[in-house]
Amino acid sequence: MGKSNKCKAKKQSYISVPSQIITSLSSSSLQSLLLSPKKAHLNSSFFVGHNYSCRRPRVCLSALFLFVLVGLLRLGWNVNTLVLCSQSFGSNTGKVGERDHQVLVTSQLQSPRPLHLESEFWKQPDGMGYRPCLEFSAKYRKASEAILNGRRKYLLVVVSGGMNQQRNQIVDAVVIARILGAALVVPVLQVNIIWGDESEFSDIFDLGHFKKVLADDVRILSSLPSTHVMTRPVEEKRTPLHVSPQWIRSRYLKRINKEGVLLLRGLDSRLSKDLPPDLQKLRCKVAFQALRFAPPILELGNKLARRMQSKGPYFALHLRIEKDVWVRTGCLPGLSKEYDEIVHNERRRHPEFLTAKSNLSYHERKLAGLCPLNAFEVTRLLKALGAPRSARIYWAGGQPLGGKEALSPLTREFPHFYNKEGLALPGELEPFANKASFMAAIDYIVSEKSDVFMASHGGNMGHAIQGQRAYAGHKKYITPNKRHMLPYFVNSSLPEAEFNRIIKELHQESLGQPELRSSKAGRDVTKYPVPECMCKRNKTT
């Protein structure tokens, strides 16, 4: 029986790591969470009585084995799990990392997900048959040969902002290089003045993969060739917003043909969202296929995602309730007068941080849907949409203003609350310490792999994941209908059942269903990839 109990301990070793919001878990406490306690041994009295003695050992052992096997099969085990357990009998002591690996392998061998997915909350939207299709025109393919063989024009770009903002600019940098017929030197990531992250492109993204995917579209170089190293690049700092390919050519083509090297800065929203079909497809190709995270980030992000998946579906929530978000949006956190004053003081000291319309009061901004949802509002929304109390939530984002107090409405209602610090084993996050882009990339990976995703406010990460989930088959993505739902939040006379009915009705068309980008000009194709980058294919094609 000792062996069978060891096997049970291995089989039940699911990750269930409650997130430590402000302080991280100690090594010993995390290890205890990784391994479930062993069940008490069953003694012979369970079968026939206290004084029972087995006179025919083979018969007894056979009966005992059959009894245990039937019990295990009823619990949902499979033969592979038994093999794993039998192989692990001899190695009862090992490093935490090895145990963690065993936990992940064991959890992947069984699939409890369909039972959970019966819940309406986990139900996925109808993708209407849309699939990725990036088939470029004959004209585009014909022009590629001359562009890829060119050795005279080179584009340098400096991208700024946070990791997701930089992603957007890298996408446009590739498209601009294509428009100009120039080779693109690997973009330079500007040191962020807020986070001080000095990461380079190859620290965050897989450079080899980036070059390989775009090999038929644009030449990607790690550095300028020796023939142009001493060339002083033409620098352009004042590109207007939303310029067309025609504007790009008329403004830059003659200059880059003459000088050989063009340097562009501040590409954020400089290129129009409405481009010819081939360039829209190129945008999607960069965003959804070429920009893969560097192997160390991808490995850890996938590992944390598997830990969340080990007991079925999970919900990912991008909480935008950090101090800088409240300052920039002109909104208030709704915690106390003390925290309101902190936000007001920061805004007075740095008026340039305020990016919202200054002619609106806080209350007007709130009702217009321009403010992030706080934890209390997120909790009411999730409950109204049918999120079960047992739902496991991964929350992405920085430390909220107010710390644990700011999150308490969520953690009280949904106790299975996790973040990357709580899920990681001791030492796993150390290589990425003080590197905001690395941390943002890990959040991105775990959020994108979730069964359901929601952001409490818009932003670059929410938009990027919305497009990525659409491109992956329209995985469920909840878009809070803030402008229409918030009046019901302040109506205290509304019965809870009626409130829930109204909220569900308001979000019937906001759950990640296909949306045509062409229905509204100016939408980003990397957020709405239908119809330029996704189409309905026949099953035979």
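The rules we used
Residues numbered from 1 in each chain as written. Predicted model: local features only at pLDDT ≥ 70, side-chain atom pairs only at ≥ 80, totals over all residues. Heavy atoms only, no water. Buried < 20%, exposed > 50% of the residue type's maximum accessible area, 1.4 Å probe, protein only. Helix = DSSP H or I, 4+ residues; strand = E, 2+ residues; numbered from the N terminus. Pairing = 2+ DSSP bridges. Right-handed = clockwise from strand over helix to strand, strands pointing away. Expected span 1.5 Å × (residues − 1). Arc of directions from axis to C-beta. Salt bridge = Lys/Arg side-chain N within 4 Å of Asp/Glu carboxyl O. Contact = heavy atoms within 4.5 Å. Axes fitted to C-alpha atoms, helices over the stretch in contact; angles between N-to-C directions. Parallel < 35°, antiparallel > 145°, perpendicular 65-115°, else oblique. Nonpolar A, V, L, I, M, F, W, Y, C, P; charged D, E, K, R; others polar. Disulfide = S-S within 2.5 Å. Polar contact = N/O pair within 3.5 Å; in protein donor to acceptor, adjacent residues only side chain to side chain. Core = buried A, V, L, I, M, F, W, Y, C linked by side-chain atoms within 4.5 Å. Domains from an automatic or database assignment.

Digging into the pairing of strand 2 (residues 154-159)
Strand 2 sits mainly inside the fold: 6 of its 6 residues count as buried. Because side chains alternate across strand 2, one face comprises the buried residues Tyr 154, Leu 156 and Val 158, and the other comprises Leu 155, Val 157 and Val 159, equally buried. One ladder, built from 2 bridges, connects strand 2 with strand 3 (residues 183-185); its direction is parallel. Across the sheet, residue Tyr 154 finds its bridge partner in strand 3, namely Ala 183. Between the parallel pair strand 2 and strand 3, the chain is carried across by helix 8 (residues 163-180), and the sense of this crossover is right-handed. Bridging between strand 2 and strand 7 (residues 261-265) involves 5 bridges; their strand directions are parallel. Along strand 7, the bridge assignment pairs Leu 155 with Leu 262. Taken together, the 2 bridges between strand 2 and strand 4 (residues 188-189) define a ladder with parallel strand orientation.

Some points on helix 13 (residues 295-309)
The terminal C-alpha atoms of helix 13, which comprises 15 residues, lie 20 Å apart, in line with the 21 Å expected from a rise of 1.5 Å per residue. Of the positions making up helix 13, those classed as buried are Ile 297, Leu 300, Gly 301, Leu 304, Ala 305, Arg 307 and Met 308. Summarising the axial view, the buried residues of helix 13 lie within an arc of 155 degrees, below the 170-degree limit, and thus occupy one face.

Here's the deal with the pattern of salt bridges
Under the criterion given, the structure shown has 24 salt bridges. Between Arg 255 and Glu 236 there is a salt bridge, with the nearest N and O atoms lying 3.3 Å from each other. One end of the pair, Arg 255, is in helix 11 (residues 245-259); the other, Glu 236, is in strand 6 (residues 234-236), and 19 residues separate them in sequence. The class of Glu 236 is buried, set by a relative accessible area of 5%. Through salt bridges with shared partners, a single ionic network connects Glu 236, Arg 251 and Arg 255.

A few points about unusual backbone geometry
Along the chain, Val 530 connects to Pro 531 via a cis peptide bond; the corresponding omega equals 10 degrees. Relative to the helices and strands, Pro 531 is located in the loop between helix 23 (496-506) and strand 13 (534-536).

Digging into the side chain of Asp 443
Inspection of the secondary structure puts Asp 443 in helix 20 (residues 436-448). Residue class for Asp 443 comes out buried when judged on its relative accessible area of 4%. Not counting the four nearest positions on each side in its chain, Asp 443 is found in contact with Tyr 394, Ala 396, Gly 397, Lys 420 and Met 461.

Some thoughts on the packing of helix 12 (residues 277-290) against helix 21 (residues 460-471)
Where helix 12 meets helix 21, the closest approach of the two axes is 11 Å, and the angle between their N-to-C directions is 90 degrees. Classified by the angle their axes make, helix 12 and helix 21 are roughly perpendicular. Residues Ala 287, Phe 288 and Gln 289 of helix 12 form the contact with helix 21, whose participating residues are Gly 467, Gln 468 and Tyr 471. Of the residues contributing to the contact of helix 12 with helix 21, the split by class is 3 nonpolar, 3 polar and no charged.

Considerations on the state of the cysteines
Applying the stated rule across the entire model yields 3 disulfides. The disulfide that involves Cys 284 links it to Cys 533, with 2.0 Å between the sulfurs. Judged by the sign of its S-S torsion, about 85 degrees, the bond between Cys 284 and Cys 533 is right-handed. Highlighted residues: Cys 284 in helix 12 and Cys 533 in the loop between helix 23 and strand 13, separated in sequence by 249 residues. Take Cys 284 and Cys 533: they sit in the same class, and that class is buried.

Details of the side chain of Gln 169
Structurally, the position occupied by Gln 169 is in helix 8. With relative accessibility at 0%, the residue Gln 169 sits in the buried group. From its side chain, Gln 169 meets the backbone oxygen of Ser 160 in a polar contact 2.7 Å long. Every residue in contact with Gln 169, bar those within four places of it in the chain, is listed here: Val 158, Val 159, Ser 160, Gly 266, Leu 267 and Asp 268.

Comments concerning the packing of helix 22 (residues 482-489) against helix 23
Contact geometry for helix 22 and helix 23: axes closest at 10 Å, N-to-C directions at 175 degrees. Judged by the inter-axis angle, helix 22 sits roughly antiparallel to helix 23. Counted together, His 484, Met 485, Tyr 488 and Phe 489 of helix 22 and Phe 499, Ile 502, Ile 503 and Leu 506 of helix 23 form the full contact between these two elements. Looking at side-chain class alone, the contact of helix 22 with helix 23 contains 7 nonpolar, 1 polar and no charged residues.

Observations concerning the nonpolar core
Ranked by size, the top nonpolar core spans 81 residues in total, and within it Leu 155, Leu 184, Phe 210, Phe 293 and Ile 297 carry the most contacts. Top contributing element to this core by residue count: helix 8, with 10 residues. Each of domain 1 (138-290) and domain 2 (295-536) gives at least three residues to this core. Not counting residues up to four positions away in its chain, the partners in contact with Phe 293 are Met 163, Arg 167, Ile 204, Phe 205, Asp 206, Leu 298, Ala 441, Tyr 444 and Ile 445. Counting residues in hydrophobic clusters, the runner-up holds 39 residues, among them Leu 319, Val 327, Val 343 and Met 454.

Quick look at the sheet that holds strand 8 (residues 315-318)
Hydrogen bonds between backbone atoms are what pair the strands of a sheet, whose relative direction is either parallel or antiparallel. Within the open sheet, the 5 strands sit side by side as 10-9-8-11-12. Their pairing is parallel. Here the strands that pair on one side only, and so sit at the sheet edges, are strand 10 (417-418) and strand 12 (476-478). For strand 8 and strand 9 (residues 393-396), the ladder comprises 4 bridges, and the chain directions are parallel. Paired with Leu 317 across the two strands is Trp 395, which belongs to strand 9.

Structural notes on the pairing of strand 11 (residues 452-455)
If a strand is regular, its side chains alternate between the two faces of the sheet. Taking every second residue as pointing to the same face, both faces of strand 11 are buried, with Val 452 and Met 454 on one and Phe 453 and Ala 455 on the other. Two strands pair when backbone bridges link them, and strand 8 and strand 11 are joined in this way by 4 bridges, in the parallel orientation. Counted as the bridge partner of Leu 317 is Met 454 from strand 11. Inspection of the sheet shows strand 11 paired to strand 12 by 3 bridges, in the parallel sense.

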